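# Overview (structure and organization)
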Amino acid sequence: SLLEAARFREGFECCVADLDRTRRLRLENTTWRVDQEEFQGSRSPVHRVRAPGASGDASGLQYPAPNGGSFFLPADRTDAVSPRDAALDELFEVLALGVRDYFRKTGVFRSIGVALSGGRDSLLTLLVAWHAVRGLQESDEAEEDELSRLLKVFYMPSRFSTEGTRQAAETICRELGLELKSDPIDEAYQREMEAAQRMLPPGEALDSITRQNIQARVRGARMWNWANAAGGLFLQTSDMSEKAVGYTTVGGDLEGALSVIANVPKTVVIALLARLRDRFGFQAIDLTLETPPGPELDDEQEAESELMPFEVLDACLHLYAGEKLSPDEVARALPSLFPDRSPDRLAQEAHRFARLFSSSIFKWVQAPLALHVGSLDLDRERALQLPVVQKNEWGNDRGEGTA
């Protein structure tokens, strides 16, 4: 190939094809020449059309110099991106393209909304939305106004929200030039707890899970109310790993019109954030990664303590859901992947993952439409409905889309 253009981003790239050199090299190639002579001897001659006009003036063209100055060695690149970083960069472009195209091709939304918690998942979703909106801007001069108009960010803290996540949320919005709309939920949370308590028989009390879910559902309802009132595209922020084991709330953080990272495992979320920190230098990413991951729906709540270490969780996800191994087979495979961990503990986590996975399927069918970016997908049935949206840009002067 002569040119490999950048994938999943709009742009223009070109190269020069030296047809004379290509013809000469083919004639010098014995295999190609023999095949050509055999073809000409067994088939009718190809009809030729001669153009009497003169060819273009090549006197002003320069011979292309090889990269690195050598015709026989590749260039010594000091700025080369590692395959891992290249894959993360491409994933970021793919996710942004998905959000951008869905927003543009549906043609029914006026803005994009993200509920920011200061955690890893919502931070990555916001960065993807920010990158998507930058591709929607009509001009560089209107960048700040366009960002503020198209991308809305909401922060809804409760009594369990920590100072670290608050600082991370405020910092990323400041770094991106976005307004952070903060509206605490404690009063609504207290009212909903009291209402739920009145629905129970005398002597029964709300358990911890119910109290946690009430907070998530207050936030979900507020985001839907904003989306309805403002004509906004409400982005859902849960990742693939937590969705797989049901570590999400129906009516709460499982809500949204489009799920951005539902096909991205948790370890990839963390790796992509680290890569974006290196690329863009956002201080907020460091603040987020320094904070223990957790939903902050109760005191001192940490996700890895309630579930399992994320790297083990994602290994179970691949082996059980991707490779279709049984829980016992997953338990036997994990020690080779994590030789420094207790085999007995890994076996417990393998079987626990399988139980959580199987008991959480009822939630998946209630999750919003997701971007599909990997071969392992929890949303296989709806993947067959592609394309989800399409737009006829040529046959309609008003640019109306069809879905």
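Preceding block: the structure.
Every chain begins its residue count from 1, and numbering advances along the sequence as written. Residues qualify for local features only when their pLDDT is at least 70, as the model is predicted, and side-chain atom pairs are given and counted only at 80 or more; totals for whole chains, interfaces and linings, by contrast, use all residues. Note: side-chain values were computed over all heavy atoms of the structure, leaving out hydrogens and water.

Attention now moves to the packing of aromatic side chains. Ring geometry is summarised as follows: Phe, Tyr and Trp rings, the Trp one being its six-membered ring, pair when their centres sit within 6.5 Å, and such pairs are stacked at plane angles under 30 degrees, edge-to-face over 60 and tilted between the two. What the rule picks out here adds up to 11 aromatic pairs. Seen in terms of ring centroids, W130 and F282 are 5.6 Å apart; in terms of plane orientation they differ by 75°. Their pairing is edge-to-face. Here F282 lies in the loop between helix 10 (266–280) and helix 11 (283–289) and W130 lies in helix 4 (residues 120–134), a separation of 152 residues in the sequence. Grouping residues by exposure puts W130 and F282 together as buried. One aromatic cluster in this structure is built from F92, W130, F280 and F282. Under the scheme used here, helices are H or I runs from DSSP no shorter than 4 residues and strands are E runs no shorter than 2 residues, and both carry numbers assigned from the N terminus. Only protein chains enter the accessibility calculation, which uses a 1.4 Å probe; a residue whose area is less than 20% of its type maximum is buried, one above 50% is exposed, and one in between is partly exposed.

Its 15 residues place the ends of helix 10 21 Å apart at the C-alpha level, agreeing with the 21 Å of an ideal helix rising 1.5 Å per residue. Residues of helix 10 that are buried: K266, V269, A271, L272, L273, R275 and L276. The elements touched by buried residues of helix 10 are helix 3 (83–106), helix 4, helix 9 (240–244), helix 11 and helix 13 (310–322). A positive backbone phi angle near 75° is found at G281, which sits one or two residues after helix 10. Given a helix with a known number of residues, its expected span is that number minus one, times 1.5 Å. Any two residues whose heavy atoms approach within 4.5 Å at even a single point are treated as in contact.

Turning our eyes to something else, we now look at the sheet that holds strand 2 (residues 151–155). Whether two strands pair comes down to DSSP finding at least two bridges between them. Pairing is parallel across the open sheet formed by 5 strands, whose spatial order is 3-2-1-4-5. Each edge of the sheet is formed by a strand with only one pairing partner; in this case those strands are strand 3 (180–182) and strand 5 (258–259). Direction of pairing for strand 4 (residues 232–236) relative to strand 5: parallel, over a ladder of 2 bridges. Along strand 5, the bridge assignment pairs L235 with L258. Note on method: axes are straight lines fitted to C-alpha atoms, helices fitted across the in-contact stretch only, with angles between N-to-C directions ranging 0 to 180 degrees. Against the sheet, helix 8 (residues 208–230) contacts strand 1 (111–115), strand 2 and strand 4, and its axis sits at roughly 155° relative to strand 4.

Right, let's talk about the pattern of salt bridges for a bit. Salt-bridge detection follows one rule: a side-chain nitrogen of Lys or Arg within 4 Å of a carboxyl oxygen of Asp or Glu. Across all of its chains, the model carries 18 salt bridges by this definition. Between R275 and D89 there is a salt bridge whose closest N-O contact spans 2.8 Å. In this pair, R275 is assigned in helix 10 and D89 in helix 3, connecting sequence segments 186 residues apart. Residue R275 shares its accessibility class with D89, and that shared class is buried. Connected through salt bridges with shared partners, the residues D85, D89, R275 and R279 form a single ionic network.

A few words on the side chain of S158. Summarising the element assignment, S158 is placed in the loop between strand 2 and helix 6 (163–176). Apart from residues no more than four positions distant in its own chain, S158 is found in contact with I185, D186, Q215, R219 and E296.

Now for the side chain of Q215. For Q215, the location among the structural elements is in helix 8. With relative accessibility at 0%, the residue Q215 sits in the buried group. Pairs of N or O atoms within 3.5 Å make up the polar contacts considered here, provided that, within protein, one atom can donate a hydrogen while the other can accept it, and that residues adjacent in sequence are counted only when both atoms are side-chain atoms. For Q215, the side chain forms a polar contact with the main-chain oxygen of L297, separated by 2.9 Å. Apart from residues lying up to four places away in sequence, Q215 is in contact with S158, F160, I185, Y189, E296 and L297.

Any functional reading would require information beyond the geometric quantities listed.
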